[in-house]
Every structure is written in C-alpha cells, then in structure tokens.
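# Examining the three-dimensional arrangement
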Amino acid sequence: QVQLVESGGGLVQPGGSLRISCAASGSIFSIGDMGWYRQAPGKEREFVARITSDYRTTYADPVKGRFTISRDNAKKTVYLQMDSLIPEDTAVYSCNAILNRWPSWGQGTRVTVSS
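Residues numbered from 1 in each chain as written. Predicted model: local features only at pLDDT ≥ 70, side-chain atom pairs only at ≥ 80, totals over all residues. Heavy atoms only, no water.

### Describing the pairing of strand β9 (residues 91-99)
- When you tally the buried positions in β9, you get 7 out of 9 residues, the bulk of the element.
- With 3 bridges joining them, β9 and strand β11 (residues 109-113) adopt antiparallel strand pairing. Residue pairing across strands places Tyr93 opposite Thr109, the latter belonging to β11.
- With 4 bridges connecting them, β9 and strand β10 (residues 102-105) associate as antiparallel partners. Residue pairing across strands places Ile98 opposite Pro103, the latter belonging to β10. (Buried < 20%, exposed > 50% of the residue type's maximum accessible area, 1.4 Å probe, protein only. Helix = DSSP H or I, 4+ residues; strand = E, 2+ residues; numbered from the N terminus. Pairing = 2+ DSSP bridges.)

Listed below in structure tokens is the structure:
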C-alpha cells in the first residue's frame, strides 16, 4: 500500500514563510507528476502548484511569485515553499501524486496565516 503524508503546516503571521512537505511511502516503482492543492474554509479545493517528473512547474495565479514547488526523487518527497503569506492563503494543503501510475492523495496539513 502506498501513501502520501504531509507535514510542516502551522500558524504563521502575514508576510511570513512556511515550507510544507509531502513524502510518499510504500512499494513505489514510479512517481509521476506531484502537486499541491488547497481548500479554504467554506470553499472548494483549488489547484496550487504542480511539478512534473522532469521538473517543469506550473502555478496558480494567486501564488505565482510567492510559492515555489520542488521535489526530491531520492526522498520521494515534494515541497512547497510559501513566502509572503497572506490571510487568504489559509487552508488545508493536500498533496497529490501519480504513484505507480495511479493518483494518490495525502490527508492534508493545515496552514493558518493570521496575526
């Protein structure tokens, strides 16, 4: 059984930074695209960022220039560096990855931006 586990969420002040991680575990023979989504209170889940297996990145407009996605294939981990955080970034952040050619989701990590 494969799984994705996020970590690194928490409370941060506006203008601050936070890095969240998502590690894949289990019997994995291939990892394709990896990405992050978020769901704010009372809103639908939305796309945040994606990184392909050859390191091409895509970002949602609200986070361009502030967030950076990266991956470490040896560690089977995807990261999201979040800078210049604003209250509107408050959400549960979930990672998504194509593991063994099948989409998998983590359970999410909460990020709260507040003074």
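### Some thoughts on the side chain of Asn100
- With respect to the element layout, Asn100 can be found in the loop between β9 and β10.
- Separated by 2.9 Å, the side chain of Asn100 and the backbone oxygen of Ser27 make a polar contact.
- Beyond its immediate stretch of four places on either side in the chain, Asn100 contacts Val2, Ser27, Ile28, Phe29 and Ser30. (Polar contact = N/O pair within 3.5 Å; in protein donor to acceptor, adjacent residues only side chain to side chain. Contact = heavy atoms within 4.5 Å.)

### Here we look at the environment of Gly65
- Checked against the element boundaries, Gly65 lands in the loop between β6 (57-59) and β7 (67-72).
- Residue Gly65 is classed as exposed on the basis of its relative accessible area, which comes to 85%.
- Along the sequence, Gly65 and Gly8 sit 57 residues apart, while their C-alpha atoms lie 21 Å from each other.

### Here we look at the state of the cysteines
- Applying the stated rule across the entire model yields 1 disulfide.
- In this model Cys22 forms its disulfide with Cys95; the gap between the sulfur atoms is 1.8 Å. Of this pair, Cys22 sits in strand β3 (residues 18-25) while Cys95 sits in strand β9; the two residues are 73 residues apart in sequence, bridging distant segments of the chain. An identical accessibility class is assigned to Cys22 and Cys95; each is buried. (Disulfide = S-S within 2.5 Å.)

### Quick look at the nonpolar core
- Counting residues in each nonpolar core, the largest one holds 30 residues, and the members touching the most others are Trp36, Leu80, Met82 and Tyr93.
- Put simply, the parts of the chain that give this core at least two residues each are β3, β4 (31-39), β5 (46-51), β7, β8 (77-82), β9 and β11.
- Each residue touching Met82, except ones within four places of it in the same chain, is listed here: Gly16, Ser17, Leu18, Ile20, Arg66, Phe67, Tyr93 and Val111. (Core = buried A, V, L, I, M, F, W, Y, C linked by side-chain atoms within 4.5 Å.)

These results come straight from atomic positions and should not be treated as a statement about function.
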